[in-house]
Amino acid sequence: MSDRDDDTPAPEPILPPSADPPVKVPLAIEDWLAVLLLGALAVITFLNVLVRYFTDQSFAWTEEISVFLMIVVTLVGAGSAFVRNHHIRIEAYADGGSPRRRHALAIASQLVVLAFFLVLAVLSARLVWDEYVYEETSPAIGVPTWWYSVWLPVLSGAIALRVLGGLRRLLRGCA
Amino acid sequence: MIGALLFAVFIVLMVIGVPVGVALGVAGTIAIAAANWDVHWFGLLAVPQNFYAGLAKYPLLAIPMFVLVGSIFDRSGVAKRLVDFATAIVGRGPGMLPLISISVAMFLGGISGSGPACAAAVGAVMIAAMSRAGYPPAFSASVVAAGAATDILIPPSVAFIIYSVLVPSASVPALFAAGMVPGILAGLALIVPSVWLARRHRMGTLESALPRPPFWASLREASWGLAAPVLILGGMRLGWFTPTEAAVVAVFYGLFVGMVIHRTIGLRDLFTILREAAELSAVILMVVALAGIFAWSLSTLSLIDPLTHAIVNSGLGERGVLALLIVLLMTVGMFLDGISIFLIFVPLLLPIAQAYGWDPVWFGVVLTLKVALGQFTPPLAVNLMVSCRIAGVPMESTVRWVVWLLGAMFLVLLAVLAFPQLALWLPGKLGY
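As the structure is a prediction and not an experimental result, all values here were calculated from the model.

Asker: Talk me through the overall build of chain B; I want residue IDs and the actual numbers.
Answerer: Helix and strand counts for chain B stand at 20 helices and 0 strands. Its C-alpha radius of gyration of 22 Å places chain B within 12% of the 22 Å reference for a compact globule of 432 residues. With respect to the three principal axes, the spread of C-alpha positions in chain B is 75 × 50 × 45 Å. Counting only residues that meet the buried cut, chain B has 62% of its 432 residues in that class. Considering only contacts in chain B between residues 6 or more positions apart, those separated by 24 or more positions represent 80%. Accessible surface, chain B as shown: approximately 15,500 Å² in total, 70% of it carbon and sulfur. Here chain B holds 20 positive side-chain charges and 15 negative ones, and the gap between their average locations is 14 Å.

Written out as structure tokens, the structure reads:
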């Protein structure tokens, strides 16, 4: 997807793209979702500026949507970043030493991440249930808050699946 | 006891290579459960609540926007034209290319808000140019990484936005203004040893043989890039837009320049730009959200007050404590990136700053200067990682050059510590 035609003017060379790990479920799902959401976020915020200048209307209720989109972009992008190993981590100890040790530490660290996002998915599902039962509504637009918060358990679950996939690749890689 | 558990879990997880954010989240979760053993669901519903609350803040929206600005300007062709223009002004000669690298990095600092993005933009243009002129790649990589570190001091800056979210009494405009003078000083301080090293080791001898771009033509070419910081900083100063809006205006300005004027960005590149920016902001914001869980468990365990009390009454005195903090942060900064440092340490250090009556804006500038130093202190140096990858040299090879640059910037840190007015004069003058 990062290939470009030779006839288009090449942009300045940045870092050489590294190949994605072989995943079963294409990363394009997360990538497209993140691209569209971030694009939407930029457009909404920009429209906000324009509307405020050319009319005297306040467009402030869009803040609620913008913040929501930002949270979804974060969870979606975090998922693909786990697959590509782009998250900030201390590599000095974990990626040094014998291949055996590296393999064991990688599995241990993936298990911790997996456990955390499973717990987060369960706990946030519980939270969404409360919001659903008590029919809480959002302050600016007045829609049910669970419309927003339901994505936290769903996307935490998606991250957990991505991490599970990574774990499977690790276990198959060198047993 | 639970406090010790909190930090022990966090450190062990980080060492075995768990991402920093997740290590914070897990440690926070375990500490919350351990402290609420007898409560319904162990009080763990606070975990998703704090995760959500940590992210659902409107000012944070500036982060994906400024990351996107960096990603766009990386490819907009602006850096190359600024380099040509700078070369037309200062001419060709020994030590001129390092000077240009740092000046252009500082200038791009007025557009983008993150060091690594700046290192990528400047490095892509300058490292090859400096190699052609006969500078060793390790030296070029060091200069670019150090120059790009001024980026988080010179407004706009992602680091200041995060600090402001953590410390509401320090507003983003005040922090942006306060970073200006120290940022420029840091850039000037870096230029001195780079030019001196270049001359002393007779690097770049081929430079004077290279053509000098014509002044007016390169000014015209560079004008779109030159106008960008005026638009961003001027617009914020005149109250046209908030920092988030300034970022989004810069996004569309950068796209216009890249797609219509310089034609370096095609429609296809938009996907790559947005994908990269989305993933990088997700990485940053994930740490922000998960650090929220950690900070909440810290605050409910009431660990901070006794710790502050112990430090303030330790008999070290104000200067001693400040020196200790700098040493601590320098050490931690060798292993952790700047944003994680802010998120972990600001909640811990702020009560100490308050106890001594330090100005929160000045304290933010001092911490950011420290983080800027950390961006090119091996072994964990985000800027140096980027510039070394572009130059194709191992990070170890840069150490002999980087120490001089680190020393120069450290002097600026000392100056800001000794004369707080260096940071506080401009925001005071502008009335923030």
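Asker: Tell me about the interface of chain B and chain A, residues and numbers included.
Answerer: The partner chain A presents 65 residues to the 70 residues of chain B that form the contact. Taking both partners together, chain B and chain A bury about 6,200 Å²; carbon and sulfur atoms supply 76% of that area. On the chain B side of the interface with chain A, the three residues burying the most area are Tyr52, Phe271 and Glu279 of chain B, jointly 11% of the side's total. Between chain B and chain A we count 5 residue pairs in polar contact (both at pLDDT 80 or more) in total. With 15 residues, the top contributor of residues to the side of chain B that touches chain A is helix α13 (residues 267–300) of chain B. Considering only residue class, the side of chain B that touches chain A consists of 48 nonpolar, 10 polar and 12 charged.

Asker: So what's going on with the nonpolar core? Residues and values would help.
Answerer: If you look at the biggest cluster of nonpolar residues, it comprises 213 residues, and the most contacted ones within it are Phe117 of chain A together with Phe51, Leu108, Tyr163, Phe376 and Met409 of chain B. Looking at this core element by element, the count peaks at 16 residues for α13 of chain B. If we skip the residues at most four places from it in the chain, Phe376 of chain B touches Ala145, Ala146, Ala149, Leu190, Ala381, Leu384, Val402, Leu405, Leu406 and Met409 of chain B.

Asker: So, helix α17 (residues 360–374) of chain B: which residues are in play, and what are the values?
Answerer: Note that an α-helix has 3.6 residues per turn; residues three or four places apart therefore point the same way. In this model α17 of chain B runs 21 Å from its N-terminal to its C-terminal C-alpha over 15 residues, within 8% of the 21 Å that 1.5 Å per residue would give. One side-chain oxygen at the N-terminal end of α17 of chain B lies 2.7 Å from the backbone nitrogen of Val361 of chain B; it belongs to Asp359 of chain B.

Asker: Describe the packing of aromatic side chains, and please don't skip the residues or the numbers.
Answerer: Tallied over the entire structure, the rule returns 23 aromatic pairs over all chains. With centroids separated by 5.5 Å and ring planes inclined at 75°, the aromatic side chains of Phe82 of chain A and Phe117 of chain A adopt a geometry described as edge-to-face. Here Phe82 of chain A, found in helix α2 (residues 62–83), pairs with Phe117 of chain A, found in helix α4 (residues 99–133); they are 35 residues apart in sequence, far enough to count as distant. Here Phe82 of chain A matches Phe117 of chain A in class, with each residue buried. Aromatic side chains Phe85 of chain B and Phe215 of chain B sit 5.7 Å apart centroid to centroid with 45° between the ring planes, which places their arrangement in the tilted category. Here Phe85 of chain B is found in helix α5 (residues 78–90), whereas its partner Phe215 of chain B is found in helix α11 (residues 215–237), with 130 residues between them in sequence. Taking the relative accessible area as the measure of exposure, Phe85 of chain B reaches 11% and is therefore buried.

What counts and how
- Residues numbered from 1 in each chain as written.
- Chains lettered and ligands numbered in written order.
- Predicted model: local features only at pLDDT ≥ 70, side-chain atom pairs only at ≥ 80, totals over all residues.
- Heavy atoms only, no water.
- Helix = DSSP H or I, 4+ residues; strand = E, 2+ residues; numbered from the N terminus.
- Rg over C-alpha atoms; globule rule 2.2 N^0.38 Å.
- Buried < 20%, exposed > 50% of the residue type's maximum accessible area, 1.4 Å probe, protein only.
- Contact = heavy atoms within 4.5 Å.
- Areas by Shrake-Rupley, 256 points an atom, 1.4 Å probe, with all protein chains shown as cover.
- Lys, Arg positive; Asp, Glu negative; His and termini not counted.
- Charge placed at Lys NZ, Arg CZ, Asp CG, Glu CD.
- Buried area = accessible area lost by both parts, 1.4 Å probe.
- Polar contact = N/O pair within 3.5 Å; in protein donor to acceptor, adjacent residues only side chain to side chain.
- Nonpolar A, V, L, I, M, F, W, Y, C, P; charged D, E, K, R; others polar.
- Core = buried A, V, L, I, M, F, W, Y, C linked by side-chain atoms within 4.5 Å.
- Expected span 1.5 Å × (residues − 1).
- Phe/Tyr/Trp six-rings, centres within 6.5 Å; stacked < 30°, edge-to-face > 60°.

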